[in-house]
Amino acid sequence: MRQRNGSQKVGKGKRHRCPSWVAPQLRWWQLPPQTPERAVLVGVEKHQRQAMSGMESLDELERLAQSAGVEVVGRVLQVLARPQPATFIGSGKVEEVRRYAWENQAQVVIFDESLAPAQQRNLENALGLKVIDRSQLILDIFAQRARSLEGKLQVELAQLQYLLPRLTRQWQHLSRLGGGVGTRGPGETQLEVDRRKVRERVAVLRRRLREVARTRYIHRQSRAGVPLPVVALVGYTNAGKSTLMNRLTSAQALVADQLFATLDPMVRHLRLPSGMSALVVDTVGFIHKLPHGFIDAFKSTLEEVKTADLLLHVIDASHPLMQHQQTVVESVLDELEVAHKPRILVFNKLDLLDGPPLVPFPSTASLVSAHTGTGLEQLLYRIEAELLGLFQQVRVHLPLHRGDLVARAKQLGRVVEERYSAESVELCAFVPARLAGQLRKHALSQTFSL
Ligand SMILES: Nc1nc2c(ncn2[C@@H]2O[C@H](COP(=O)(O)OP(=O)(O)OP(=O)(O)O)[C@@H](O)[C@H]2O)c(=O)[nH]1
Ligand SMILES: [Mg+2]
């Protein structure tokens, strides 16, 4: 086996070693910046046909690794009927990975599959390197991205959910759970705590998250002044949700060609063609093989999706796995119990399509390019039509002093007719069901609805 950091190697990404006579004078902040961690990816190709091949899944894992700031130096794929209990992949393959990783000065091996704690430990012993799995990589990205208090709490909760089943068996593996890539978050601090303490922390996090979510909700309501209809952007990570949000609302959401650029939900005001108002929520994207416990941990963020009146499912029409990504999102929406909500399929990135799509778009879909603006005007009309479809039509005669109700109808819905007489105002409008009830309640006796 070749020596790592041996004097004969001057490879890309090699860690700097200070000469012994310099080291004592240097402090960590004086050292040259660390090169990105180097990783070898390991995936499996199952015998039965999958919606995503092992190689395609590795492509995505590589994007995830890059999004986490890791440099991928190679990948190894094994065709495997079923995982080996001890090391997931076969022993010959482990040796191949070990040799490849050491020859390429990798510091970490990332598995595309979920590893049991014992498998992870055995692999680390056999490879002599840090080993993490896809879920841990995703959680590391989340930990790097979390900015808001809510985001940080959710990431910590997700990390603890990942940790908890790993606490049930052996204790010694705990010593490595802190080590993902660019690790932050609770992994490092959980090394010494026992299961009871983790559970206690989980309970505290859940409580704090409930409080934060409540405050956020109150802020949102008070900012809006009135309960505006909510449109939530959902979709696979990198589909273009934030770009679309920016185009529709002049928001300043972070857009980046990396996975999980958005972690915290962002809410913005949307003005529809007829002057009607709504709120748009941009939120965390979904992915194939989401970490176990993700939905539970991100409950308060995903609450935005649950309370939305309308979902815009944004799909990257230029992605070769567009259909699979769509299915993944559908199944997460199922799990969130929001599959019944009215939804518009928005096929985005049309500008990247050279010819007709591999699979024809459904006739009811909206075709857009958030980049060039194509189709956005039609999308706005479509959003308005869908929201109006959720509304009730009322025709009421209101007392003249109830100008507040007229103003409300204008703000929350669409007023078709507004006629004043000496003693009343006749209003015909499309409004949300709750407001329709209020209008009827305060109407004069000659009220009738269509
Ligand atoms: N060519 C082209 N690129 C687009 C379009 N929409 C988005 N993009 C690019 O796609 C990448 C991802 O866009 P985002 O808006 O960050 O995607 P997202 O769905 O919010 O991603 P996450 O927050 O990571 O879930 C960025 O590089 C965008 O510039 C489009 O219509 N055309
Ligand atoms: Mg985003």
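Described in the following lines is the structure provided in the data block. What you see as residue numbers is a count from 1 along each chain, following the sequence as written. Throughout, the order in which chains and ligands are written sets their labels, letters from A for the former and numbers from 1 for the latter. This being a predicted model, a pLDDT of at least 70 is required before a residue's local features are given, and a value of 80 or more before pairs of side-chain atoms are given or counted; all residues contribute to the totals for chains, interfaces and linings. Excluding hydrogens and water, the side-chain values take into account all heavy atoms of the structure.

### A few points about the pattern of salt bridges
Phase 1 of the analysis: One speaks of a salt bridge when a side-chain nitrogen belonging to Lys or Arg is within 4 Å of a carboxyl oxygen belonging to Asp or Glu. All chains considered together, the criterion is met by 24 salt bridges.
Phase 2 of the analysis: Put simply, Arg-75 and Asp-59 hold a salt bridge, and the shortest N to O gap is 2.9 Å. Note that Arg-75 is positioned in strand E2 (residues 71-80) and Asp-59 in helix H1 (residues 54-67), a separation of 16 residues in sequence.
Phase 3 of the analysis: Taking relative accessible area as the criterion, Arg-75 reaches 27% and is therefore assigned partly exposed. Strands are runs of DSSP state E lasting at least 2 residues, helices are runs of H or I lasting at least 4, and numbering of each runs from the N terminus. The rule is simple: take the accessible area with a 1.4 Å probe, protein chains only, and divide by the maximum for that residue type; under 20% is buried, over 50% is exposed, in between is partly exposed.

### Remarks on the pairing of strand E3 (residues 108-111)
Phase 1 of the analysis: Here E3 shows no split at all, with Val-108 and Ile-110 on one side and Val-109 and Phe-111 on the other all buried.
Phase 2 of the analysis: Strand pairing is defined by DSSP finding a minimum of two bridges between the two strands. The pairing of E3 with strand E4 (residues 130-133) spans 4 bridges and is classified as parallel. Directly across from Val-109, in E4, lies its bridge partner Val-131.
Phase 3 of the analysis: Following the chain from E3 across helix H3 (residues 117-127) to the adjacent parallel E4, one finds a crossover that is right-handed. Handedness rule for crossovers: strands pointing away from the viewer, path from the first strand over the helix to the second running clockwise, crossover right-handed.

### Observations regarding the sheet that holds strand E13 (residues 424-431)
Phase 1 of the analysis: Taking strand neighbours across the sheet as the criterion, the 3 strands line up as E11-E13-E12 in an open arrangement whose pairing is antiparallel. Each edge of the open sheet carries a strand with a single partner, namely strand E11 (392-399) and strand E12 (414-420). On average, each strand axis in the sheet is inclined to that of its neighbour by 15°, with strand direction left out of account.
Phase 2 of the analysis: As paired elements, E11 and E13 share 8 bridges and run antiparallel to each other. Bridged to Pro-399 within E13 is Ser-424.
Phase 3 of the analysis: Most of the contacts of helix H12 (residues 403-412) go to E12, to which it runs at about 155°, and overall it touches E11, E12 and E13. Axes, fitted as lines to C-alpha atoms, cover a helix only where it is in contact. Angles between the N-to-C directions of the axes lie from 0 to 180 degrees. Should any heavy atoms of two residues lie within 4.5 Å, those residues are counted as being in contact.

### Describing the packing of helix H7 (residues 241-249) against helix H11 (residues 376-389)
Phase 1 of the analysis: Two numbers describe how H7 lies on H11: the axes approach to 11 Å, and their chain directions differ by 85°. Looking at the two axes, H7 sits roughly perpendicular to H11. Here Leu-244, Arg-247 and Leu-248 of H7 come into contact with H11, specifically with Leu-376, Leu-379 and Leu-380.
Phase 2 of the analysis: Asp, Glu, Lys and Arg are counted as charged, while Ala, Val, Leu, Ile, Met, Phe, Trp, Tyr, Cys and Pro are counted as nonpolar; the rest, among them Gly, fall into the polar class. Residue composition of the contact of H7 with H11, grouped by class: 5 nonpolar, no polar and 1 charged. By definition in this entry, angles of less than 35 degrees are roughly parallel, angles greater than 145 are roughly antiparallel, angles of 65 to 115 are roughly perpendicular, and the rest are oblique.

### Points about the coordination of the magnesium ion (ligand 2)
Phase 1 of the analysis: Coordinating donors are taken to be N, O and S atoms lying within 2.8 Å of the metal, or within 3.2 Å when the metal is Na, K or Ca; because water is excluded from the atom set, some sites may appear incomplete. Protein coordination at the magnesium ion (ligand 2): the donors are Ser-242 (OG) and Thr-262 (OG1), at 1.9 to 2.1 Å from the metal. Here Ser-242 is found in helix H7, whereas its partner Thr-262 is found in the loop between H7 and strand E6 (266-271), with 20 residues between them in sequence.
Phase 2 of the analysis: Owing to a relative accessible area of 9%, Ser-242 belongs among the buried residues under this scheme.
Phase 3 of the analysis: The exposure class assigned to Thr-262 is buried, which follows from its relative accessible area of 15%.

### Overview of the site of ligand 1
Phase 1 of the analysis: Being near a molecule or strand, for a residue, comes down to having at least one heavy atom within 4 Å of it. Neighbouring ligand 1 are 23 residues, the closest being Lys-241, Thr-243, Ala-261, Thr-262 and Asp-351.
Phase 2 of the analysis: Residue Lys-241 places a side-chain N or O atom 2.8 Å away from an oxygen atom belonging to ligand 1.
Phase 3 of the analysis: In the model, an oxygen atom of ligand 1 is placed 3.2 Å from a nitrogen or oxygen of the Ala-256 main chain.
Phase 4 of the analysis: Broken down by class, the residue content of the shell around ligand 1 amounts to 8 nonpolar, 11 polar and 4 charged. Here a polar contact means two N or O atoms within 3.5 Å. Within protein one must be a hydrogen donor candidate and the other an acceptor candidate, and residues neighboring in sequence count only if both atoms are side-chain atoms.

### Quick word on the sheet that holds E2
Phase 1 of the analysis: Strands sit in the order E2-E1-E3-E4 across an open sheet of 4 strands; the sheet is parallel. Each edge of the open sheet is held by one strand with a lone partner, namely E2 and E4. Averaged over all adjacent pairs, the angle separating strand axes in this sheet is 25°, with direction ignored.
Phase 2 of the analysis: Pairing of strand E1 (residues 38-46) with E2 involves 9 bridges; the strand directions are parallel. If you follow Arg-38 over to E2, its bridge partner there is Glu-71.
Phase 3 of the analysis: Packed onto the sheet, helix H4 (residues 134-145) meets E3 and E4 and runs at close to 85° relative to E4.

### Quick look at the packing of aromatic side chains
Phase 1 of the analysis: Working definition: a ring pair exists when centres of Phe, Tyr or Trp rings (six-membered ring for Trp) sit within 6.5 Å. Plane angles under 30 degrees give stacked, over 60 give edge-to-face, the rest tilted. Evaluation of the coordinates by the stated rule reveals 5 aromatic pairs.
Phase 2 of the analysis: Measuring from ring centre to ring centre gives 4.9 Å for Phe-142 and Phe-260, while their planes differ by 85°; the resulting arrangement is edge-to-face. A residue pair is termed long-range when its members are at least 10 positions apart, and Phe-142 in helix H4 and Phe-260 in the loop between H7 and E6 qualify at 118 residues.
Phase 3 of the analysis: With a relative accessible area of 0%, Phe-142 lands in the buried category.

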